[in-house]
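# Architecture and fold: a report
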Amino acid sequence: MMEKFVYTAYDGAGARHQGELSAINTESAKFKLKELGLIPVKIDHVDTAANKVNEFLQFNRRPRFSDVEFLTSQLSLLLKNGIKVDRALEIAKKGIRNNRLAKIVDEVYDDIRRGTPLSVSLEKNPDVFDPLYVSIVRIGEATGRLPDIFADLAANLNFRQKISAKTRQAMIYPSIIFIVCLMSVLFVFNFIVPKFSVLFSGMTNVPVYTDILLAASDMFIRYQFIMLAAIVGLFVLMFRIKRGDRFKRLIDVVVLRVPVTKQLCYTLENLRFTSSLAILLKSGVVLTEALEYAVKSIGNIFLRKQLMIVKDEIKQGKKFSVAMAKTGFLPDVFDGLMEVGEQTGNLSEVFSEMEKRLRSLYEDRVAGLITVIEPIMILFMGLVVGSVVVVMLLSMVSISDINF
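About the criteria used
- Residues numbered from 1 in each chain as written.
- Predicted model: local features only at pLDDT ≥ 70, side-chain atom pairs only at ≥ 80, totals over all residues.
- Heavy atoms only, no water.
- Helix = DSSP H or I, 4+ residues; strand = E, 2+ residues; numbered from the N terminus.
- Expected span 1.5 Å × (residues − 1).
- Buried < 20%, exposed > 50% of the residue type's maximum accessible area, 1.4 Å probe, protein only.
- Polar contact = N/O pair within 3.5 Å; in protein donor to acceptor, adjacent residues only side chain to side chain.
- Pairing = 2+ DSSP bridges.
- Axes fitted to C-alpha atoms, helices over the stretch in contact; angles between N-to-C directions.
- pLDDT = per-residue confidence, 0-100.
- Contact = heavy atoms within 4.5 Å.
- Parallel < 35°, antiparallel > 145°, perpendicular 65-115°, else oblique.
- Left-handed = near helix turned anticlockwise from the far one by under 90°.

Before going further, it helps to examine helix α13 (residues 301–315). Its 15 residues give α13 an end-to-end C-alpha distance of 22 Å, which sits within 8% of 21 Å, the value for a rise of 1.5 Å per residue. When we look at burial in α13, the residues that qualify are Ile-301, Leu-303, Leu-307, Val-310, Lys-311, Glu-313 and Ile-314. Measuring from the backbone nitrogen of Phe-302 back to the side-chain oxygen at the start of α13 gives 3.0 Å, which picks out Asn-300 as the cap. One or two positions beyond α13, positive phi appears at Gly-317, with a value near 105°.

Here it is as structure tokens:
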């Protein structure tokens, strides 16, 4: 049975190495280290149970854009200063806080020490390093431009992180308003209305609106835990099926049918597409191959299928600008830019310019959406909570008119 060991070792140049490896026993771990050209000075057995508890407490979460971007920018800086890839990975790992990413870096480090190309090792974790990332690293290895390639990738990841933050920002405010509204209703129905109902005990001819309020409160108090369990169950169910194709197709259809979300979705996918093409073409990837990776970066299934037609038409010899214009995927104002870029062979700069303009457009649309959502959510909260308060006030005023 394989066990984990932590080690401290030195290489032939006297550099110190620390990390983890899996082996049958201590002797096997020593042998593995010697195979890697390392001289072990300390090998300790890892407490597997404690390690699992630590992983559980850290949730072993997937690395975020910021984690991968930090690693990529570190690698760029270290490689530019003449440090070899394996040593750069070892140094970069010290600044990683995400447990899973740290383990991946360890695995990549071991692969490189065994002679595996960096791109091949990164490809083993497609949910962390997507095909676009891996393909650009592969180009950097082939051309000897890894430091510059990692700098471009870090800039691209930083850009994608900001876009994700903008998208989340659009959802934070409505979510907070909804939660506050829900908590207010919970408080009123659990604490205010029950005390308020004492005033009407034993009374006849209670107003209809008062009767409805008291009945709603009574039903809510009786079944609130069942409703809470149902809501939690619904969230768990959605979490489990959200990665399924049917659920994703449904969401993608809804997003494209609603006018507000349709505009935002198109602008976001335009951004992903143009930024991917810009960095790929700048790295020296041919247009047909760059287009294939750029299409994969599109999140919406239906828009992705729409762009697959462009790839097929280019392979048949049609002009890229003409094929793109037919889809209507990008705004019409960019058709002329693409045609000029294609004629001059400068498409990478054209797409970089398009990316800048689309970024500004996306930020404006997100800001506009937040501006529209804010008053709507405030109005919604006012109607829900305010209607309960108004019914209570009317009921108190009507007490003097009720016959005992």
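Here we come to the sheet that holds strand β1 (residues 3–10). Sheet architecture is open: three strands sit in the order β2-β1-β3, paired in antiparallel fashion. Looking at strand neighbours, the two that pair on one side only are β2 (16–23) and β3 (39–45), the edges of this open sheet. In this sheet, adjacent strand axes meet at a mean angle of 25° when their direction is disregarded. As judged from the eight bridges shared by β1 and β2, these two strands associate in the antiparallel manner.

Here the chain averages 81 in pLDDT, while 92% of its residues score no lower than 70. Least confident of the elements in the chain is helix α2 (residues 48–57), whose mean pLDDT is 46; most confident is helix α6 (residues 118–122), at 90. Low confidence marks residues 52–59, where pLDDT is under 50. Its contacts with residues over four positions away, or in another chain, come to five contacts.

With that settled, the discussion passes to the packing of helix α7 (residues 131–143) against helix α8 (residues 146–197). Their axes nearest at 8 Å, the elements α7 and α8 cross at an angle of 160°. Here α8 runs roughly antiparallel to α7, going by the angle between their axes. Two packed elements cross with a definite hand, and for α7 against α8 that hand is right-handed. The segment α7 lies against α8, with Leu-132, Tyr-133, Ile-136, Val-137, Gly-140 and Glu-141 engaging Leu-146, Ile-149, Phe-150, Leu-153, Leu-157 and Arg-160.

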